[in-house]
2 protein chains.
Amino acid sequence: MTPAPTNAPTGPNTPTGPASAAELARLAALLADPTRAAFCLALLDGRAWTAGELAAYAQVAPSTASEHLTRLTEGGLLAERRQGRHRYVQLAGPRVAELLESLTAHLDPPTTPPRGLRAAGASAALARGRTCYDHLAGRLGVAITDAMTARGLLDQDGGFALTDAGRDWLGDGLGIGAAALRSGRRPQARGCLDWTERRPHLAGTAGARLCDRLLERRWIRRIGSGRAVRLTPDGATALHELLGIDSAAAGLV
Amino acid sequence: MTPAPTNAPTGPNTPTGPASAAELARLAALLADPTRAAFCLALLDGRAWTAGELAAYAQVAPSTASEHLTRLTEGGLLAERRQGRHRYVQLAGPRVAELLESLTAHLDPPTTPPRGLRAAGASAALARGRTCYDHLAGRLGVAITDAMTARGLLDQDGGFALTDAGRDWLGDGLGIGAAALRSGRRPQARGCLDWTERRPHLAGTAGARLCDRLLERRWIRRIGSGRAVRLTPDGATALHELLGIDSAAAGLV
DNA sequence: GGATCGTTTCGGCGGCGCCCGAAGTGTCGC
DNA sequence: GCGACACTTCGGGCGCCGCCGAAACGATCC
């Protein structure tokens, strides 16, 4: 007995669904081109790039890059700021960064390690620690997240949320008050899946403030102009005192 | 003084980034076609559709639908099951559903209300209550989420997580034990943004088990063959007893 | 003022991909 | 067995889109 198909053709292609298929397709099409995708991934470092930089990065003519940037901006994924003869663009906001994370998290295989000494060194630095839009990722981000969870500051069992103890810890230990954690509709804590570790690390406003604070206190520092960060000696001491993290054992240095 | 652009062209288009731009583009391209997007949105009801149903739904020839389904399946978004002369397809898993949610949540305007009596009636039923892949959405889903939060069963302040009280409540009140909530890497609680309410509702394994249980106990029932569900009189009573929800006032009936 | 640089607009080329109809394969009902 | 049905494969047509180079524009530097 094969059951006859019973699903109702509830509606046509036109806007009957949760959102019109046309809109979804239009959004997806923005990222469906390798060059535009490369732009967005580059901009995941959270900073503003000029049109020319992106063109060079993706190896296309400036005119081509210009057209792509216009599409991405009009599509709401990018925000632009004209300054003199430069066109600075960056991701339109945390929500766009989250969207890109969701998508990249679905890319099946962790990419194979790069060849070459220089590339390998840069890759290793990125794996140790980096920014992911506005929060920390890499082994550093995961280590902090794990330590916070182990100390009952973060709850990963029931989802991904700061505990009351976690909020106190951010306030007392790092001076990140409740006000700094409130920011519109953005969640305070959110899990962001890491592409090197394949494990979640702290994102949301708490993750962003934490990253800000660590940079302010010079516990971490940016390496060159990229998204990689390294732990300073002061930072290693502080993480040990605050969270009991052994930075050498965790492979953070 | 205009600062000179300082971002380093850290690498070419090739796989230097978090994930190769080509892979991201390939994934996005799967959803960049209106017909494929319509398929995926239809499949967000969590059930299996036949190829013919989807073709009729999206108003394309069977041959066209067949090709699209092959691409979506090979791309990892859909899972298929051949049964006799039918090809049943459904979303490949909760992660794909989450991906689609992330994308649809980014579609700017809540779609304008549909014209026509029949369409308006169906739309109103969907707004009252429906399934979203494997959990509850619409006013019903939001009302349950809000009530759980108000009663301290769910923590939305620090993120989105079940509290200890919440786990007890699921176990004692609904017979959903800790074992049922554990399911690989999937989070127990997760916020899913609603397209009608623009507010989060409970997803994750807890949301899925909760939906299962409500269907089992006949507290909710599917309307026809779509994704809309309605609250039964027994269900209204139970929700009032368990969560203090006034279903009439909440617009659930 | 003129030269330079970053960016934009335009034309044109090439290719991919979406679509359909027609024909073919396998399954089910009689 | 034969027809009906669901689906798939194949060719071919059409349109869109990404790419570039050339030329125009505006800001900056000298």
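Since we're looking at a predicted model, the values are computed, not measured.

A. Spotlight on the pairing of strand β7 (residues 159-162) of chain B. Alternating positions in β7(B) separate into two faces, Gly159(B) and Ala161(B) on one and Phe160(B) and Leu162(B) on the other, with burial throughout. In the sheet, strand β7 (residues 159-162) of chain A pairs with β7(B) via three bridges, with the strands oriented antiparallel. When the sheet's bridge partners are listed, Gly159(A) is paired in β7(B) with Ala161(B).

B. Main features of helix α8 (residues 164-174) of chain B. Residue and element names in this part refer to chain B. Those residues of α8 that fall on the buried side of the exposure criterion are Gly166, Trp169, Leu170 and Leu174. In a view along the axis of α8, the buried residues occupy a sector of 95°, so they form one face of it. In α8, those exposed residues whose orientation departs by more than 90 degrees from the buried face are Asp164 and Asp172. Residues of α8 that are buried make contact with α7 (138-150), β7, α9 (178-181), α10 (204-216) and α11 (233-243). The first or second residue beyond α8 is Gly175, which carries a positive phi of 70°.

C. Spotlight on empty space enclosed by the protein. Inspection of every chain in the model, using the stated rule, returns twelve cavities of 30 Å³ or more. Of the voids in this model, the largest cavity is the one considered here, and its volume is about 140 Å³. Lining the largest cavity we find 15 residues, and of these Glu101(B), Thr104(B), Cys132(B), Leu193(B) and Trp195(B) sit closest to its centre. Looking at the lining of the largest cavity, the elements that each hand over two or more residues are α5 (94-105), β4 (130-132) and β8 (190-193) of chain B. Residue contributions to the lining of the largest cavity peak at three residues, all from α5(B). By residue class, the composition of the lining of the largest cavity is eight nonpolar, two polar and five charged. Counted as a void, the second largest cavity has a volume near 100 Å³. Along its surface, the second largest cavity is lined by 14 residues, and Leu44(A), Thr104(A), Cys132(A), Leu193(A) and Trp195(A) are the ones closest to its centre. The set of elements that each furnish at least two residues to the lining of the second largest cavity consists of α5 (94-105), β4 (130-132) and β8 (190-193) of chain A. Class assignment of the residues belonging to the lining of the second largest cavity gives a composition of eight nonpolar, two polar and four charged.

D. Representation of the protein's contact with DNA strand D in the model. Inspection of the region around DNA strand D gives 23 residues, with Thr35(A), Arg36(A), His68(A), Arg71(A) and Ser66(B) positioned closest. Restricting attention to atoms of DNA strand D within 4 Å of the protein, one finds that 71% of them are sugar or phosphate atoms. At 2.8 Å from a phosphate oxygen of DNA strand D is found a side-chain nitrogen or oxygen belonging to Thr64(A). Between DNA strand D and the protein, one listed contact pairs a base nitrogen with a side-chain N or O atom of Glu67(B) at 3.4 Å. Going through the elements one at a time, α2 (34-43) and α4 (62-74) of chain A together with α3 (51-58), α4 (62-74) and β3 (86-91) of chain B are the ones with two or more residues in the surface near DNA strand D. Looking at the surface near DNA strand D residue by residue, the classes come out as four nonpolar, ten polar and nine charged.

E. Molecular detail of the packing of aromatic side chains. Residues and elements named next belong to chain A. As enumerated under the stated definition, the model contains two aromatic pairs over all chains in all. Summarising the aromatic geometry, the rings of Trp49 and Tyr57 are spaced 5.6 Å apart at their centres and angled 70° between planes, so their arrangement reads as edge-to-face. This pair shows no difference in class: Trp49 is buried, exactly as Tyr57 is.

F. Inspection of the protein's contact with DNA strand C at higher detail. Among the 22 residues in the neighbourhood of DNA strand C, the closest are listed as Gly52(A), Ser66(A), Thr64(B), His68(B) and Arg71(B). Of everything in DNA strand C that lies within 4 Å of the protein, sugar and phosphate atoms constitute 75%. Residue Arg85(A) places a side-chain N or O atom 2.9 Å away from a base oxygen belonging to DNA strand C. Interatomic distance of 3.5 Å between a side-chain N/O atom of Asp33(B) and a sugar or linking oxygen of DNA strand C. Elements with a contribution of two residues or more to the surface near DNA strand C: α3 (51-58), α4 and β3 (86-91) of chain A together with α2 (34-43) and α4 of chain B.

G. Representation of unusual backbone geometry within the structure. For Tyr133(A), which is not glycine, the phi dihedral falls at a positive 60°. Locating Tyr133(A) in the fold gives a position in the loop between β4 and β5 (135-137). Its relative accessible area of 17% is what places Tyr133(A) among the buried residues. In the Ramachandran plot, Gln59(B) falls in the positive-phi region, its phi being about 60° despite a non-glycine side chain. With respect to the secondary-structure elements, Gln59(B) resides in the loop between α3 and α4. Residue classification places Gln59(B) among the exposed positions, given a relative accessible area of 59%.

Cut-offs used in this document
- Sequence order as written defines residue numbering, which begins from 1 separately in each chain.
- Chain letters and ligand numbers both follow the written order, the letters beginning at A and the numbers at 1.
- Since the coordinates come from a predicted model, pLDDT governs what is reported: local features require at least 70, and pairs of side-chain atoms require 80 or more to be given and counted, while whole-chain, interface and lining totals use all residues.
- Side-chain measures were taken over the full set of non-hydrogen atoms in the model, leaving aside hydrogen atoms and water.
- Burial here depends on accessible area, computed with a 1.4 Å probe over protein chains only, as a share of the maximum for the residue type. Under 20% is buried, over 50% is exposed, and the range in between is partly exposed.
- Only DSSP runs of H or I covering at least 4 residues are called helices, and only runs of E covering at least 2 are called strands; the numbering of each starts at the N terminus.
- Strands are treated as partners if at least two bridges between them are detected by DSSP.
- Here the arc refers to the directions that run from the helix axis out to each C-beta atom.
- Residue contacts are counted whenever heavy atoms from the two residues lie within 4.5 Å of one another.
- Only protein atoms enter the 1 Å grid used here, on which a cavity is any set of points holding a 1.4 Å probe that cannot leave and a pocket is any open set flanked by protein within 12 Å on both sides along at least five of seven lines; residues with an atom within 4 Å of a point are listed as lining.
- Grid points are joined across faces, edges and corners, and a volume is the space filled by probe spheres set on the points.
- Here the term charged refers only to Asp, Glu, Lys and Arg, the term nonpolar to Ala, Val, Leu, Ile, Met, Phe, Trp, Tyr, Cys and Pro, and the term polar to all other amino acids, Gly among them.
- Only a single heavy atom is needed: when it lies within 4 Å of a molecule or strand, its residue is near that molecule or strand.
- What qualifies as a polar contact is a pair of N or O atoms within 3.5 Å, subject to a donor-acceptor requirement within protein and to the restriction that residues adjacent in sequence count only when both atoms come from side chains.
- Here a pair means two rings of Phe, Tyr or Trp (six-membered ring of Trp) with centres within 6.5 Å. Their orientation is stacked below 30 degrees between planes, edge-to-face above 60, and tilted elsewhere.

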